[in-house]
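One-letter residues, chain by chain:
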Amino acid sequence: GRQPAHVTAIASTEEERSAIARLRHAVYADELQKSALLTAAAEPGELRDPEDERNGSYLHYVRVGDDVVGTLRSDCYPPGSAPSAFAERFSLDLLPELSDVATSEIARFVIAREFRSSRAALALGLATYRHGAIGLGCHLSFSMAAPGLVHSYRRFGFQPYAARLISTPDGLRIPLIAIWSDAARLARLGSPLAALAIRHFGRGRSEAFDPTPIADRLLEQNTPLRTSTTLVSNEVERFAATSPAILDGVSRRGLRWLSREAMILDVPSGQLLMRRGVVDRELFVVIRGALAVQPDAGKTLTRGPGEPVGEVALFTGAGARTADVLASEDTTLLVLRRRAISRMVNDIPRSGARFLVNLARCMAERTASSHQA
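I will try to describe carefully the structure that is included in this document.

Criteria and cut-off values
- Residues numbered from 1 in each chain as written.
- Predicted model: local features only at pLDDT ≥ 70, side-chain atom pairs only at ≥ 80, totals over all residues.
- Heavy atoms only, no water.
- Helix = DSSP H or I, 4+ residues; strand = E, 2+ residues; numbered from the N terminus.
- Buried < 20%, exposed > 50% of the residue type's maximum accessible area, 1.4 Å probe, protein only.
- Contact = heavy atoms within 4.5 Å.
- Polar contact = N/O pair within 3.5 Å; in protein donor to acceptor, adjacent residues only side chain to side chain.
- Core = buried A, V, L, I, M, F, W, Y, C linked by side-chain atoms within 4.5 Å.
- Expected span 1.5 Å × (residues − 1).
- Bend = angle between axes of the 7 residues up to and from the residue.
- Salt bridge = Lys/Arg side-chain N within 4 Å of Asp/Glu carboxyl O.
- 1 Å grid on protein atoms, 1.4 Å probe; cavity = no way out; pocket = protein on both sides within 12 Å on 5 of 7 lines; lining within 4 Å.
- Points joined across faces, edges and corners; volume = space filled by probe spheres on them.
- Nonpolar A, V, L, I, M, F, W, Y, C, P; charged D, E, K, R; others polar.

Looking now at the environment of Arg 73. For Arg 73, the position within the fold is in strand E3 (residues 67-77). The buried category is assigned to Arg 73, whose relative accessible area is 5%. Through-space distance from the C-alpha of Arg 73 to that of Leu 59 is 4.6 Å; in sequence the pair is 14 residues apart. Residues contacting Arg 73, with those up to four places away along its chain left out, are Arg 24, Asp 49, Glu 51, Asp 52, Ser 57, Tyr 58, Leu 59, Glu 105, Ile 106, Ala 107 and Arg 108. A distance of 3.0 Å separates the side chain of Arg 73 from the side chain of Asp 49, its partner in a polar contact.

Counting residues in hydrophobic clusters, the biggest one holds 63 residues, and the most contacted among them are Tyr 129, Leu 265 and Leu 273. Of the residues forming this core, the biggest block, eight residues, is contributed by helix H3 (residues 120-135). Beyond its immediate stretch of four places on either side in the chain, Leu 265 contacts Pro 147, Leu 165, Leu 172, Ile 174, Pro 224, Leu 225, Leu 273, Phe 284, Thr 331, Thr 332, Leu 333 and Val 335. Core analysis: the second largest hydrophobic core is formed by 23 residues, Val 232, Ile 246, Leu 247 and Phe 355 among them.

Right, let's get into helix H1 (residues 14-31). In this model, H1 (18 residues) spans 24 Å end to end at C-alpha, consistent with the 26 Å of a helix rising 1.5 Å per residue. The largest bend in H1 amounts to roughly 30° and is located at His 25. Extensive coverage of H1 is indicated by the burial of 13 of its 18 residues. Directly beyond the C-terminal end of H1, a positive phi value near 60° is found at Gln 33.

What follows is about the pattern of salt bridges. For the coordinates displayed, the defined rule picks out 29 salt bridges. The partner of Asp 52 in a salt bridge is Arg 73, and the shortest N-O contact between them spans 2.9 Å. With Asp 52 in the loop between H1 and strand E2 (57-64) and Arg 73 in strand E3, this residue pair connects regions lying 21 residues apart in the sequence. Judged by relative accessible area, which is 4%, Asp 52 ranks as buried. Its salt-bridge partner being Glu 261, residue Arg 343 comes within 2.5 Å of it at the nearest N-O pair. Residue Arg 343 is located in helix H11 (residues 338-347), and its partner Glu 261 is located in helix H9 (residues 252-261); the two are separated by 82 residues in the primary sequence. The class of Arg 343 is partly exposed, set by a relative accessible area of 29%.

Let us now look at empty space enclosed by the protein. Under the criterion given, the structure shown has three cavities of 30 Å³ or more. Put simply, the largest cavity is a space of about 200 Å³. Within the residue set of the lining of the largest cavity, elements represented by two or more residues are E3, strand E4 (103-111) and H3. A total of five residues in the lining of the largest cavity trace back to one element, the largest contributor, which is H3. By residue class, the composition of the lining of the largest cavity is eleven nonpolar, six polar and no charged. Quantified by volume, the second largest cavity comes out at close to 60 Å³. In terms of lining residues, the second largest cavity is bounded by Ala 146, Pro 147, Asp 170, Gly 171, Leu 172, Arg 173, Leu 273, Met 274, Asp 280, Glu 282, Phe 284 and Arg 321. Within the residue set of the lining of the second largest cavity, elements represented by two or more residues are strand E8 (171-179) and strand E11 (272-274).

Shown next, in the form of structure tokens:
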């Protein structure tokens, strides 16, 4: 049917800020169970951040009718003014070439559940691009996302880069960078912002940031999360050669499918991967290394090569993690989103069914083992 009208704006009144805070609460606290984000100072049913009030922070939102259905915060930093917490979070010590460049952070990007298949995210992205990249000259933006959401951020031009993974109260997050004035890069990523970038920055129309000095840190083989089919395929082939039970009966076609849909994540020793109680639905399979699984009660369990982690949240309706999980040594993981596994069953039924049977067998063996005297 016809798409509703999406109206974008920057919050300037307390009423607008309150509506944004209520939407955040509905998504982060009510839906995703991230109660650790709530502060005692906030009004009941609202989620606010101290950063919302700083000069240079803009609360963008999109509404349909009278309802705010999407929002994000853009924190803009003129050259040399980025706070130390921002620099630490996004490993700017590994990007010294950016010391004299205006940068920004995109945070608290949320869309109401019922509008996630609408044009709300696109309307919000276009409005933020016009304001930040074109209006304020912030040609570089940073953000972070759970591994399963990186594809959604990539749609708008964000990509992983060579930086340290980010620890949050919700678990591991992937650092992302977007070069808004690099129209060619946005076009290669398939970003809907590419047309705006071409009109404003293409063919020397306006000064653009030259990414050449940091090109080596943008190469995907140097990043902690890899999504390209070629790089993932190499890992999947090596992994399959070890005959892991999780891939038993999965055909060559199934392995090629996994190479297109899966991601490869390198997690350093001691890094928290997931937090108990938080809603996340990625499935992880250990390729190399080991993970320590710490349930609410009982001893710490070890998951090694070939073993899945996160399968309970994958299958349950609530999708809440049942244990804290951290890397007990440097670890490489195969990452599959819940939606991708559903597509696997539809696209390649035989291999998809085998994969689910293998996963169910692993869960059954773990349950039987936990009940042994």
